[in-house]
Amino acid sequence: STLPEHVVLPMPALSPTMERGGIARWHRAIGDEIKAGDAIADVETDKATMAMEATDDGYLAAILVPEGATDVEVGTPVCVMCEEASAVAAFKDYKATETVTTEPAKSAVETAVTMPVVRASTRATARMSARASGERVFASPLARRLAEERGVRLETVSGSGPNGRVIAEDVLTARASSASEAVTHTVVAEHPLSKFFPDFEDVSVSAIKRVTAERLTESKQQVPHFYLTVDVRLDNMMGIRETLNKQLADDKAAEGAKISVNDFIVKASAKALLAVPDVNASWLGDKIRKYKKADISVAVQTERGLMVPIVRSACCLGLKSISAEVKSLAGRARSGSLTPQDMTGGTFTISNLGMFGVKNFAAIVNPPQAAILAVGGARKEVVKNAEGGYEEVLVMSATLSCDHRVVDGAVGAQWLQSFKCYLEDPMTMLL
């Protein structure tokens, strides 16, 4: 190779479940100096939009994936960095050893046909044979460091530098080639019946929405769901909430904190999970894992799609702390600043559509969790009281969706009874 010493940076795996990502924005232009830790680009993952940071000092020599590209497989080269500013010009016509293509949105009803496309590497033939064991390997210091970090054996990498010297790009290419040799491209074709539809606009699917769709479809197909619904009286809880919020309003240190109905629901759910631990579990195929604490995932709808950040150890938090944590997570979800750590894990999920006037609904279990609670809005009903008369009460419907592999019907009913008791008499949550 006649190119100066350089490093090809691949699409990083910024979350444990990320397989593809997109480049939402490039923060740096070709020729810009970059320090270790600087944000090079914003990467749209399956969970959030996160910064791709540089691990070494250098200069941005080439951008291989354009801003706005989506469905870029993890490991695909996205940019090139070199060590000297004078070397940037040498990469003007640089082409990635692995091709990346993106499909523009079509203004027609489309069906997708997937076709396997084999990745080509200009150095594939150079790596056909490994060096003999014990033979000295000539490599640049950067290549040696990258090989150590990525677990690549230098003796198995054929160098493309002067006199067969192994350079950084050789290490990265060898790593990417060993990870995968094929990529799937999507070819679209106009639907034959599209002319019979009214005017329309196609909206591209974000990485978050695509992954959500895939996982929910998988859940409905593979998880045996069953559903249990209970009505919960909220009069007592609403009275306690009003009292607590008055106290918080008078407390200058509270800084405007206000407890919501959803905060009580999160707390009651966490306490019920401790009371009925068989629901606080995950299906792992050959075993069922029961958790010691309750980490509550709270569904938040955003412009980017459905986000499910987690309130860690909700069973150990007070209502004020839960309120602050939920507000913080929801705000970061809507601004796109959640991290994978904010959304990875969770032992139970709550989806609350009460604020939209929904009476009741059934949610889809979020594997590997065993259950999800769907909460409707509060409504007034007239009921017969113990004295034989009638009174108007405030009622909320809650539906528990369960994975029948983990939770039996009676166990799910016990959990709902515990949840109902905690919410109808919140003082018991202090015990």
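Please read all numbers here as calculations on a predicted model, not as lab measurements.

Trainee: Help me understand the overall build of the chain in this model?
Mentor: Broken down by element type, the chain carries eight helices and 20 strands. Long-range contacts, defined here as pairs at least 24 residues apart, represent 67% of the contacts in the chain between residues at least 6 apart. Only carbon and sulfur atoms are counted for the fraction: they give 53% of the accessible area of the chain, which is about 22,600 Å².

Trainee: Any chance you could explain the confidence of the model for the chain here in plain terms?
Mentor: Note that predicted coordinates carrying low pLDDT should not be read in detail. For the chain, per-residue confidence averages 83 on the pLDDT scale, and residues scoring 70 or more make up 84% of the total. For residues 99-134, every residue scores under 50 in pLDDT, and the model assigns this stretch 80 contacts once sequence neighbours within four places are set aside. The low-confidence segment residues 179-188, where pLDDT is below 50, has 31 contacts with residues more than four positions distant or belonging to other chains.

Trainee: Explain the sheet that holds strand β4 (residues 39-44) here, please?
Mentor: Backbone-to-backbone hydrogen bonds join strands into a sheet, with any given pair of strands oriented parallel or antiparallel. Across the sheet, which stays open at both edges, the four strands sit in the order β5-β4-β2-β7 with antiparallel pairing between neighbours. The two strands at the open ends of the sheet, each matched to only one other strand, are β5 (49-53) and β7 (72-73). Pairing analysis gives two bridges linking strand β2 (residues 20-26) to β7, with the strands arranged antiparallel. Following the sheet pairing, Gly21 is matched in β7 by Val72.

Trainee: Mind showing me how you'd approach unusual backbone geometry here?
Mentor: For residues that are not glycine, phi is negative in most cases, and the peptide bond is trans in most cases. Cis geometry marks the peptide bond from Pro367 to Pro368; its omega dihedral reads 5°. With respect to the element layout, Pro368 can be found in the loop between β18 (348-352) and β19 (371-384). For Asp71, which is not glycine, the phi torsion reads 55° and is therefore positive. Locating Asp71 in the fold gives a position in the loop between β6 (58-63) and β7. Of the residues examined, Asp71 reaches a relative accessible area of 41% and is grouped as partly exposed. For Ser313, which is not glycine, the phi torsion reads 50° and is therefore positive. Along the chain, Ser313 turns up in the loop between β17 (310-311) and α6 (319-335).

Trainee: Is there a simple way to explain the packing of aromatic side chains in this structure?
Mentor: One pair of aromatic rings is described through two measures. These are the centre distance and the angle between the planes. On inspection of all chains with the given rule, the structure shows three aromatic pairs. Relative to Trp415, the ring of Phe348 lies with its centre 5.0 Å away and its plane at 35°, an arrangement referred to as tilted. Separated by 67 residues along the polypeptide, Phe348 in strand β18 and Trp415 in helix α8 (residues 409-424) bring together distant segments of the chain. Judged by its relative accessible area of 0%, Phe348 is buried. With 5.3 Å between their ring centres and 10° between their planes, Trp415 and Phe419 make a pair best called stacked. One end of the pair, Trp415, and the other, Phe419, are both in helix α8, four residues apart, so they sit about a helical turn from each other.

Trainee: Just checking my understanding: could you explain helix α3 (residues 207-222) for this structure?
Mentor: Three- or four-residue spacings in an α-helix give side chains the same orientation, since the helix completes a turn every 3.6 residues. Taking 1.5 Å as the rise per residue, α3 with 16 residues should run 22 Å; its terminal C-alpha atoms sit 22 Å apart, in good agreement. For α3, the complete set of buried residues consists of Ala207, Ile208, Val211 and Ser219. Take α3 and look down its axis: the buried residues cluster within an arc of 95°, on one side only. At its buried positions, α3 is contacted by β4, β11 (225-233) and β16 (305-307).

Trainee: I would appreciate a short explanation of the environment of Ala139 in the present structure.
Mentor: Among the structural elements, Ala139 can be located in the loop between β9 (110-118) and α1 (141-150). In sequence terms Ala139 and Arg165 are 26 residues apart; their C-alpha atoms lie 5.2 Å from each other. Among residues more than four places away in sequence, those in contact with Ala139 are Arg144, Leu154, Arg165 and Val166.

Trainee: What's the story with a nonpolar patch on the surface in this structure? I'm lost.
Mentor: Taken together, the side chains of Phe196, Phe197 and Phe200 define a hydrophobic patch exposed on the protein surface, amounting to about 340 Å² of accessible area. Residue position: Phe197 is located in the loop between β10 (182-190) and α3.

Trainee: What is the right way to read the nonpolar core from this model?
Mentor: Soluble globular proteins: nonpolar side chains tend toward being buried together. Grouped together as the largest cluster of nonpolar side chains are 57 residues, with contacts concentrated most on Ile296, Phe348, Leu373, Trp415, Phe419 and Leu423. Among the elements that take part in this core, helix α5 (residues 261-275) stands out by supplying seven residues, more than any other. Discounting chain neighbours no more than four positions away, the residues touching Leu423 are Val232, Leu234, Met237, Phe264, Ile265, Ala268 and Met396. With 43 residues, the next largest nonpolar core counts Met18, Ala54, Ala62 and Val72 among its residues.

Procedures and definitions
- Every chain begins its residue count from 1, and numbering advances along the sequence as written.
- Given that this is a predicted model, residues contribute local features only at a pLDDT of at least 70 and side-chain atom pairs are listed and counted only at 80 or more, while totals for whole chains, interfaces and linings are drawn from all residues.
- Heavy atoms from the whole structure form the basis of all side-chain values; hydrogens and water molecules are not counted.
- A helix here means a DSSP run of H or I that spans at least four residues, while a strand means a run of E at least two residues long, and both kinds are numbered starting from the N terminus.
- By definition in these notes, contact holds between two residues if any of their heavy atoms fall within 4.5 Å.
- Method for areas: the Shrake-Rupley scheme with a 1.4 Å probe, in which residue coverage is limited to the protein chains shown.
- pLDDT measures how confident the predictor is about each residue, on a scale from 0 to 100.
- Strands are labelled as partners when DSSP assigns at least two bridges between them.
- Each residue gets one of three labels from its accessible area relative to the maximum for its type: buried under 20%, exposed over 50%, partly exposed in between, using a 1.4 Å probe on protein chains only.
- Stacked, tilted and edge-to-face are the three classes assigned to paired rings of Phe, Tyr and Trp, where Trp is represented by its six-membered ring and a pair needs centres within 6.5 Å; plane angles under 30 degrees give stacked, over 60 edge-to-face, the rest tilted.
- Residue count minus one, scaled by 1.5 Å, sets the expected span of a helix.
- This arc is built from the directions going out from the helix axis to the C-beta atoms.
- Patches were defined on residues exceeding 30% relative accessible area and lacking a salt bridge, with like-charge contacts within 9 Å and nonpolar side-chain contacts (Val, Leu, Ile, Met, Phe, Trp, Tyr) within 5 Å.
- Counted as salt bridges are all cases of a side-chain nitrogen of Lys or Arg within 4 Å of a carboxyl oxygen of Asp or Glu.
- Residues grouped as a nonpolar core are buried Ala, Val, Leu, Ile, Met, Phe, Trp, Tyr and Cys residues, joined through side-chain atoms within 4.5 Å.

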